[in-house]
Amino acid sequence: MSNAVASRRSIRAFLPEPIDQSLLETVLRKALRAPSNSNIQPWHVWLVTGARLEALRDATRARSVVPPAFDERPFPVYPEPLEDPYAARRFHCGERQYAAMDIAREDHDGRLRYVYNNHQAFGAPAAMFLFIDKAAGPSQWADLGIYLQTVMLLLTEAGLDSCAQISWSVFHSTVRAQLGVPDHLTLYCGLSIGRADPHAPVNTVIADRADPEEILHILKD
Ligand SMILES: Cc1cc2nc3c(=O)[nH]c(=O)nc-3n(C[C@H](O)[C@H](O)[C@H](O)COP(=O)(O)O)c2cc1C
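Computed from a predicted structure; not experimentally measured.

Cut-offs applied
- Residues numbered from 1 in each chain as written.
- Predicted model: local features only at pLDDT ≥ 70, side-chain atom pairs only at ≥ 80, totals over all residues.
- Heavy atoms only, no water.
- Helix = DSSP H or I, 4+ residues; strand = E, 2+ residues; numbered from the N terminus.
- Rg over C-alpha atoms; globule rule 2.2 N^0.38 Å.
- Buried < 20%, exposed > 50% of the residue type's maximum accessible area, 1.4 Å probe, protein only.
- Contact = heavy atoms within 4.5 Å.
- Areas by Shrake-Rupley, 256 points an atom, 1.4 Å probe, with all protein chains shown as cover.
- Phe/Tyr/Trp six-rings, centres within 6.5 Å; stacked < 30°, edge-to-face > 60°.
- Expected span 1.5 Å × (residues − 1).
- Arc of directions from axis to C-beta.
- Near = heavy atom within 4 Å.
- Polar contact = N/O pair within 3.5 Å; in protein donor to acceptor, adjacent residues only side chain to side chain.
- Pairing = 2+ DSSP bridges.
- Disulfide = S-S within 2.5 Å.
- Axes fitted to C-alpha atoms, helices over the stretch in contact; angles between N-to-C directions.
- Left-handed = near helix turned anticlockwise from the far one by under 90°.
- Nonpolar A, V, L, I, M, F, W, Y, C, P; charged D, E, K, R; others polar.

1. A few points about the overall build of the protein chain
Here is step 1 of the chain: When helices and strands are tallied, the protein chain shows eight helices and five strands.
Here is step 2 of the chain: For 221 residues, the compact-globule estimate of 2.2 N^0.38 gives 17 Å, and the protein chain sits close to it at 18 Å.
Here is step 3 of the chain: Referenced to the eigenvectors of the C-alpha coordinate spread, the extents of the protein chain come out at roughly 60 × 40 × 35 Å.
Here is step 4 of the chain: Looking at the protein chain as a whole, 40% of its 221 residues are labelled buried.
Here is step 5 of the chain: Of the contacts made within the protein chain by residues no fewer than 6 positions apart, 84% connect residues no fewer than 24 positions apart.
Here is step 6 of the chain: About 12,500 Å² of surface is accessible on the protein chain, with carbon and sulfur atoms providing 54% of the total.

Have a look at this one:
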């Protein structure tokens, strides 16, 4: 599993070839061993492939344009305002991708169109959608992240690529309606799943990390 931790990275352009359905289902089932506070397992998971995923892309394509016609977001993705160091890290994350795609800073619409590729699941042949009960609190949301990471690592171990996508939250009602998800659940994020397009410039991005000294406080006697 430590190899998977080191080698997993977000892939933002996928080959269209379908992935063996039983492999996908095995990963999602194995990940159900993820821990959660008091073992309440607050995750609700939908897996979409083939015609259903295509229908979802169709439902968002014409609305994911400049200017967009999004659903109202169910929750703010960042605090307003987002302060440093988080704002700087977020900026850097985006800049690395725009540079790889050769999209200039002043090309505002081009940048938005790039971001809106999220809603085509980056061309992936499979997508997982992760939902949580509307009544859930911060501890349950953290549990969801643990399930998500467990899935991503198991996918890496199985030779598959993925990208978590909170960007789907701008289409939360649409996703819910398309997949038949009950009203009491909120969409946390999507996860595009497939095999990386080896020729896509965006897939050359390897996100760096903050200096460990900024984060780790190791107290010694
Ligand atoms: C919960 C979550 C949501 C994310 N949402 C998006 C997204 O909407 N679009 C995107 O391109 N990347 C998204 N990412 C990927 C992050 O940008 C990525 O994990 C981070 O830049 C570190 O890069 P790495 O995954 O390649 O290590 C998300 C990651 C997580 C964990």
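2. Here's the deal with the packing of aromatic side chains
Here is step 1 of the chain: Following the criterion strictly, the structure yields eight aromatic pairs and no others.
Here is step 2 of the chain: Taken together, the ring pairs in this structure connect Phe70, Tyr116 and Phe171 into an aromatic cluster.

3. Overview of helix H4 (residues 86–101)
Here is step 1 of the chain: Its 16 residues place the ends of H4 23 Å apart at the C-alpha level, agreeing with the 22 Å of an ideal helix rising 1.5 Å per residue.
Here is step 2 of the chain: Among the residues of H4, those classed as buried are Gly94, Glu95, Gln97 and Tyr98. Taken around the axis of H4, the buried residues stretch over an arc of 165°, which confines them to a single face.
Here is step 3 of the chain: Its buried side turned inward, H4 meets helix H5 (108–116).
Here is step 4 of the chain: At the exit of H4 stands Asp102, carrying a positive phi of roughly 60°.

4. Describing the site of the ligand
Here is step 1 of the chain: Lining the immediate surroundings of the ligand are 16 residues, of which Ser10, Arg12, Ile166, Ser167 and Arg209 lie closest.
Here is step 2 of the chain: One of the side-chain N or O atoms of Ser167 is found 2.6 Å from an oxygen atom in the ligand.
Here is step 3 of the chain: Here an oxygen atom of the ligand sits 2.8 Å away from a polar atom, N or O, in the side chain of Arg209.
Here is step 4 of the chain: Alone, the ligand offers 620 Å² of accessible surface; in the complex the protein occludes 75% of this.

5. So, the pairing of strand E3 (residues 126–133)
Here is step 1 of the chain: For E3, a buried count of seven out of eight residues is recorded, marking the element as mostly surrounded by other parts of the structure.
Here is step 2 of the chain: Where strand E2 (residues 43–49) meets E3, seven bridges bridge the pair, whose relative direction is antiparallel. Among the inter-strand pairings, His44 is bridged to a residue of E3, identified as Phe131.
Here is step 3 of the chain: Where E3 meets strand E5 (residues 185–196), eight bridges bridge the pair, whose relative direction is antiparallel.

6. Notes on the state of the cysteines
Here is step 1 of the chain: For the coordinates displayed, the defined rule picks out zero disulfides.
Here is step 2 of the chain: Not part of a disulfide, Cys93 finds its nearest cysteine sulfur in Cys163, a span of 9.2 Å.
Here is step 3 of the chain: Take Cys163: its relative accessible area is 3%, and that puts it in the buried class.

7. As for the packing of helix H3 (residues 50–61) against helix H7 (residues 172–179)
Here is step 1 of the chain: It is the contact of H3 with H7, at a shortest axis distance of 10 Å, that shows an interaxial angle of 145°. Crossing handedness for the pair H3 and H7: right-handed. Residues Arg52, Ala55, Leu56, Ala59 and Thr60 of H3 pack against Thr174, Val175 and Gln178 of H7.
Here is step 2 of the chain: Broken down by class, the residue content of the contact of H3 with H7 amounts to four nonpolar, three polar and one charged.

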